[in-house]
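The primary structure of each chain is shown beneath.
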Amino acid sequence: MKDQLEQIRSRALAELADDAAEAAIENVRVRVLGRSGELTEIMRRMREVPPEERPAIGQLVNQIKAELEARIEVLQGRLREAALERELAAARLDVTLPGAHLPRGRLHPVTQTIEEMLHIFRAMGFEIAATRDVEDDFHNFAALNFPPDHPAREMQDTFFIGGGLLLRTHTSNGQIRVMEARRPPLAVVCPGNCYRRDELSVRASPMFSQIEGFMVDRAGKITMAHLKGVLTEFLRAFFGAGTAVRFRASFFPFTEPSAEVDISCLLCAGKGCRVCKQSGWTEILGSGMIHPNVFRAVGYDPAEFQGFAFGLGVERTALLKLGVEDMRLFFENDLRFLNQFQATVERLA
Ligand code: PHE
């Protein structure tokens, strides 16, 4: 039995040569060390061995076992290393190559314009409120003093979406939503998307953004003079200190009196050109003193409260400020166009 063990040992070691392949090593392991392998078989036949020889044989079996296991471990370790070397050589990494360039995005020019406007209003003490795009007739029209048969409600202007709901046609619903929920004093701006059934064209889009603003306090505290002061201040901060501002009487159902606000044409500085149709002025926003019926609709006593409101179209204003000639460019997401606008917002931060 001792001879037999020596034989198992020398055969296994011969097979476990330095250049033994992975499969050959595994073969030896299974054949010699496995659960029904040669060494296990010897142990099972230990009964046949005279009792006095058993310890020596047992020791020899353990020794051979340990020896072969160690040898296999060494060979497998070498194979693993070699495999790793091969892998590294194949996927050689040149750390001196320039990295993959991840272009950095920037905010859309319309978003930048909104942020810049909100920044100015915030500095003047206004808070910012988000209101909803999907509205009912009451908040978009009725509470804003639109008579039931007012043409603005008609299909040609409004997207009705069923269930008595519609897409807001202006951000003036923000006035109603905020005043319903709170009591004056209020100085709030509501930016947001608006929707009208217009074709996308050089000057118009079926979806556009507005910023609504309003200020309400006890009667006598907020007057038309404050409206003029706030809007003049805002327009000069946004378009430049030298900008001329003019207020023109106008009409909105939800303000009385109402005024449209013009600034001196940015292209000709008021001298008159093709863009301002030789007038020297460009219309920028609508405004006025909040109508008593609007206060009644939100449960305020018009004898007790007074205030002004205004609304301006962001895209139209951005066209002027950025010198863009076609509204459609804002909605096409052509990076060659969008990349031309520096991140104004980062400058504000
Ligand atoms: N909602 C008006 C519009 O869409 C703008 C406006 C708002 C006018 C508030 C006066 C007061 O044209």
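Residues numbered from 1 in each chain as written. Predicted model: local features only at pLDDT ≥ 70, side-chain atom pairs only at ≥ 80, totals over all residues. Heavy atoms only, no water.

*Asks:* Before we move on, can you summarise the sheet that holds strand S4 (residues 165-167) with the specific residues and values?
*Replies:* Taken in spatial order, the three strands make up an open sheet running S2-S4-S3, and their pairing is antiparallel. The open sheet is flanked by strand S2 (134-136) and strand S3 (160-162), the only strands paired with a single partner. Ignoring strand direction, the axes of neighbouring strands in this sheet form an average angle of 40°. Taken together, the three bridges between S2 and S4 define a ladder with antiparallel strand orientation. Note that in S4 the partner of Asp 136 across the bridge is Leu 165. (Pairing = 2+ DSSP bridges. Helix = DSSP H or I, 4+ residues; strand = E, 2+ residues; numbered from the N terminus. Axes fitted to C-alpha atoms, helices over the stretch in contact; angles between N-to-C directions.)

*Asks:* Outline helix H1 (residues 2-15), supporting the account with residue identities and numerical values.
*Replies:* Across its 14 residues, H1 extends 20 Å between first and last C-alpha, which sits within 8% of the 20 Å expected from 1.5 Å per residue. Taken together, the buried positions of H1 are Leu 5, Ile 8 and Ala 12. Projected down its long axis, H1 carries its buried residues within an arc of 60°, all on one side. Facing away from the buried side of H1 by over 90 degrees, the exposed positions are Lys 2, Asp 3, Gln 7 and Ala 14. Close packing links the buried residues of H1 with helix H2 (22-33), helix H3 (38-44) and helix H4 (54-90). (Expected span 1.5 Å × (residues − 1). Buried < 20%, exposed > 50% of the residue type's maximum accessible area, 1.4 Å probe, protein only. Arc of directions from axis to C-beta. Contact = heavy atoms within 4.5 Å.)

*Asks:* For the packing of aromatic side chains, give the residues involved together with the corresponding values.
*Replies:* As enumerated under the stated definition, the model contains 14 aromatic pairs in all. With a centroid separation of 5.3 Å and an interplanar angle of 25°, the aromatic rings of Phe 121 and Phe 310 are classed as stacked. Linking Phe 121 in helix H5 (residues 109-123) with Phe 310 in strand S10 (residues 305-313), this pair joins segments that are 189 residues apart in sequence. Classification of Phe 121 by relative accessible area gives buried; the value is 0%. Judged by relative accessible area, Phe 310 falls into the buried class, the value being 2%. (Phe/Tyr/Trp six-rings, centres within 6.5 Å; stacked < 30°, edge-to-face > 60°.)

*Asks:* An account of the domain arrangement of the protein chain is requested, with residue identities and associated values reported.
*Replies:* Once the domains are mapped, the protein chain shows domain 1 (2-91) and domain 2 (109-348). For domain 1 and domain 2, the distance between their C-alpha centres works out to 86 Å. (Domains from an automatic or database assignment.)

*Asks:* I'd love a proper account of the pattern of salt bridges, names of residues and values included.
*Replies:* Overall, the coordinates contain 25 salt bridges when judged by the stated rule. Note that Arg 177 is salt-bridged to Asp 136, the shortest N-O span being 3.9 Å. Here the residue Arg 177 occupies a position in helix H7 (residues 173-181), and Asp 136 occupies one in strand S2, the gap between them amounting to 41 residues. Accessibility expressed as a relative area gives 24% for Asp 136, which makes it partly exposed. Residues participating in the shared-partner salt-bridge network are Arg 11, Glu 15, Arg 31 and Glu 38. (Salt bridge = Lys/Arg side-chain N within 4 Å of Asp/Glu carboxyl O.)

*Asks:* Before we move on, can you summarise the packing of H1 against H2 with the specific residues and values?
*Replies:* One way to put it is that H1 packs onto H2 with a least axis distance of 10 Å and a crossing angle of 165°. As judged from the angle between their axes, H1 and H2 are roughly antiparallel. Here H1 and H2 pass one another in a crossing that is left-handed. Contact residues: H1 offers Ile 8, Arg 11, Ala 12 and Glu 15, while H2 offers Val 28, Arg 31 and Val 32. Among the residues forming the contact of H1 with H2, the class breakdown is four nonpolar, no polar and three charged. (Parallel < 35°, antiparallel > 145°, perpendicular 65-115°, else oblique. Left-handed = near helix turned anticlockwise from the far one by under 90°. Nonpolar A, V, L, I, M, F, W, Y, C, P; charged D, E, K, R; others polar.)

*Asks:* Run through the layout of surface pockets, naming residues and quoting values.
*Replies:* Volume-wise, the largest pocket comes out at about 780 Å³. Around the largest pocket, the lining comprises 40 residues; the ones closest to its centre are His 170, Arg 196, Phe 208, Gln 210 and Phe 252. For the lining of the largest pocket, the secondary structure elements donating two or more residues are strand S6 (207-218), strand S7 (245-252), strand S8 (255-264), strand S9 (281-290), S10 and helix H10 (314-322). Per element, the largest residue contribution to the lining of the largest pocket is six residues, and it comes from S9. When the residues that make up the lining of the largest pocket are grouped by side-chain class, the tally is 16 nonpolar, 15 polar and nine charged. Reported here for the second largest pocket is a volume of approximately 650 Å³. As for the second largest pocket, its lining consists of 22 residues, of which Arg 203, Val 275, Cys 276, Thr 282 and Leu 320 are closest to the centre. Counted by class, the lining of the second largest pocket contains 11 nonpolar, five polar and six charged residues. (1 Å grid on protein atoms, 1.4 Å probe; cavity = no way out; pocket = protein on both sides within 12 Å on 5 of 7 lines; lining within 4 Å. Points joined across faces, edges and corners; volume = space filled by probe spheres on them.)

*Asks:* Tell me about the site of the ligand, and please be specific about residues and values.
*Replies:* In the region of the ligand, 14 residues are neighbours, and His 170, Ser 172, Arg 196, Gln 210 and Glu 212 sit closest. The side chain of Ser 172 places a nitrogen or oxygen atom 2.9 Å from a nitrogen atom of the ligand. In isolation the ligand has 320 Å² of accessible area, and contact with the protein removes 89% of it. Judged by its atoms lying within 2 Å of the grid points, the ligand is housed in the largest pocket. Looking at the shell around the ligand, the elements that each hand over two or more residues are S6, S9 and S10. Per-element tally for the shell around the ligand: the top contributor is S10, with three residues. The residue makeup of the shell around the ligand, split by class, is four nonpolar, eight polar and two charged. (Near = heavy atom within 4 Å. Polar contact = N/O pair within 3.5 Å; in protein donor to acceptor, adjacent residues only side chain to side chain. Areas by Shrake-Rupley, 256 points an atom, 1.4 Å probe, with all protein chains shown as cover. Sits in = over half its atoms within 2 Å of the grid points.)

*Asks:* Residue-level account of H5, with values.
*Replies:* The terminal C-alpha atoms of H5 lie 21 Å apart, and with 15 residues this matches the ideal 21 Å at 1.5 Å per residue to within 8%. Taken together, the buried positions of H5 are occupied by Pro 109, Val 110, Gln 112, Thr 113, Ile 114, Glu 116, Met 117, Leu 118, Ile 120 and Phe 121. Trailing H5 by a residue or two, Gly 125 shows a phi angle of about 100°, which is positive.

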